[in-house]
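Examining the three-dimensional arrangement
Letter by letter, the chains look like this.
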Amino acid sequence: VVIWMVLGIFTVVLQVYLAIIFGSESWTPQLWFIFCLWLATKRERYSALTAIFVTGFWLDGFSGGPMGTQAAMGIVIYLASLQLTDRIQLRGIGLVVLGALAGLLSILVGLVAVKVGGGGRVGPQFAVIFGPRIMSMALVTPIFVTILNLIHGLRRNRGTLETF
């Protein structure tokens, strides 16, 4: 759990840093949602839910939105992608499609959260980020999942490295 929380916090910090670099929320890939998708490929479900819940609240501190919104969206994305990862193995083009679907799902869940929270005119704001968010998520998901798999593989092969 601790390692996944550290990876989640690293993902949040990197996402915030990229938002500052790009200067726009629309072209910033939602790395934390990709992290939630990646956790769905792992079999330790309670640890994954704990990591998503804790790091989601941490991301809410950066986003300035209502506390628990990001955590709820992460859990929804995790549970939805969990249904897919139980049935298919995600590699190559499947990751691109899953990233695009996660981008769409993050927009829709965000829209619902804003509307339930009593937000005003959110339609034009979401229309601006709709295309760029989906495209950036589709392009970045295979790359970031590969990086997370490499980092996770380092932890798994640690015993061999220590004996060498």
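Owing to the predicted nature of the structure, the values given are computational and were not obtained by experimental measurement. Per chain, residue numbering runs from 1 following the sequence as it is written. For a predicted model such as this one, the threshold for reporting local features is a pLDDT of at least 70, and the threshold for listing and counting side-chain atom pairs is 80 or more; totals across whole chains, interfaces and linings nevertheless cover every residue. Derived side-chain values reflect all non-hydrogen atoms in the structure, with water molecules and hydrogen atoms excluded from consideration.

**A closer look at the confidence of the model for the protein chain**
On a range of 0 to 100, pLDDT expresses the predictor's confidence in each residue. When pLDDT is averaged along the protein chain, the result is 74; 66% of the residues meet or exceed 70. Overall, residues 160-164 carries pLDDT values under 50, and its contacts beyond four positions in sequence, including any with other chains, amount to zero contacts. Note on contacts: a residue pair qualifies if any of its non-hydrogen atoms lie within 4.5 Å across the two residues.

**Some words on the nonpolar core**
Nonpolar side chains in soluble globular proteins generally cluster together in the buried interior. Among the nonpolar cores identified, the biggest contains 26 residues, and W4, W32, F35, W38, L39 and Y78 are the most heavily contacted of them. The helix count covers DSSP runs of H or I at least four residues long, the strand count covers runs of E at least two residues long, and both are numbered beginning at the N terminus. Here this core gets nine residues from one element, more than from any other, and that element is helix α2 (residues 31-39). Every residue in contact with Y78, bar those within four places of it in the chain, is listed here: C36, L39, A40, R45, A48, L49 and I52. Grouping buried Ala, Val, Leu, Ile, Met, Phe, Trp, Tyr and Cys residues that are joined through side-chain atoms within 4.5 Å yields what is termed a nonpolar core. Partly exposed residues are those whose accessible area sits between 20% and 50% of the maximum for their type, while under 20% is buried and over 50% is exposed, using a 1.4 Å probe and protein chains only.

**A short note on the packing of helix α1 (residues 2-22) against α2**
Contact pair α1 / α2: the axes reach a minimum separation of 8 Å and the direction vectors enclose 150 degrees. Our classification of the angle between α1 and α2 gives roughly antiparallel. Here W4, L7, G8, T11, V12, L14, Q15 and L18 of α1 come into contact with α2, specifically with L31, W32, F35, W38 and L39. To define axes, lines are fitted to C-alpha atoms, for helices over the stretch in contact only, and angles between the resulting N-to-C directions are given on a 0 to 180 degree scale. Angle categories: roughly parallel below 35 degrees, roughly antiparallel above 145, roughly perpendicular from 65 to 115, and oblique for all the rest.

**A few points about a nonpolar patch on the surface**
Note on patches: the residues involved have over 30% relative accessible area and no salt bridge, like charges join within 9 Å, and the nonpolar side chains Val, Leu, Ile, Met, Phe, Trp and Tyr join within 5 Å. Surface accessibility in these figures is a Shrake-Rupley result with a 1.4 Å probe; residues are shielded only by whichever protein chains are displayed. We count a salt bridge whenever a side-chain nitrogen from Lys or Arg sits within 4 Å of a carboxyl oxygen from Asp or Glu. There is a patch of nonpolar side chains on the surface, built from Y17, I21, F22, W27, M135 and L139 and spanning about 670 Å² of accessible area. Among the elements of the structure, α1 and α6 (123-156) are those that each provide at least two residues to the nonpolar patch. Broken down by element, the residue count for the nonpolar patch peaks at three residues, all from α1.

**Some words on the packing of aromatic side chains**
Stacked, tilted and edge-to-face are the three classes applied to pairs of Phe, Tyr and Trp rings, where Trp contributes its six-membered ring and a pair requires centres within 6.5 Å; stacked means planes under 30 degrees apart, edge-to-face means over 60, and tilted covers the rest. The full count for this structure, using the stated rule, is four aromatic pairs. Between W4 and W38, the ring centres sit 6.3 Å apart and the planes meet at 75 degrees, which makes this aromatic pair edge-to-face. Of this pair, W4 sits in helix α1 while W38 sits in helix α2, and the two are 34 residues apart along the sequence. Given the relative accessible area of 3%, W4 is considered buried. Taken together, a centroid distance of 4.8 Å and an interplanar angle of 75 degrees make the contact between F53 and F57 edge-to-face. Within this pair, F53 and its partner F57 are both found in helix α3 (residues 45-63), separated by four residues, close to a single helical turn. Accessibility expressed as a relative area gives 42% for F53, which makes it partly exposed. Owing to a relative accessible area of 30%, F57 belongs among the partly exposed residues under this scheme. Each residue in the set W4, F35 and W38 is aromatic and connected to the rest through ring pairs, giving one cluster.

**Observations regarding the packing of α2 against α3**
Direction vectors running N to C along α2 and α3 enclose 175 degrees, while the axes themselves pass 10 Å from each other. It follows from the interaxial angle that α2 and α3 lie roughly antiparallel. Contacts between α2 and α3 involve W32, F35, C36 and L39 from the former and A48, A51, I52, T55, G56 and L59 from the latter.

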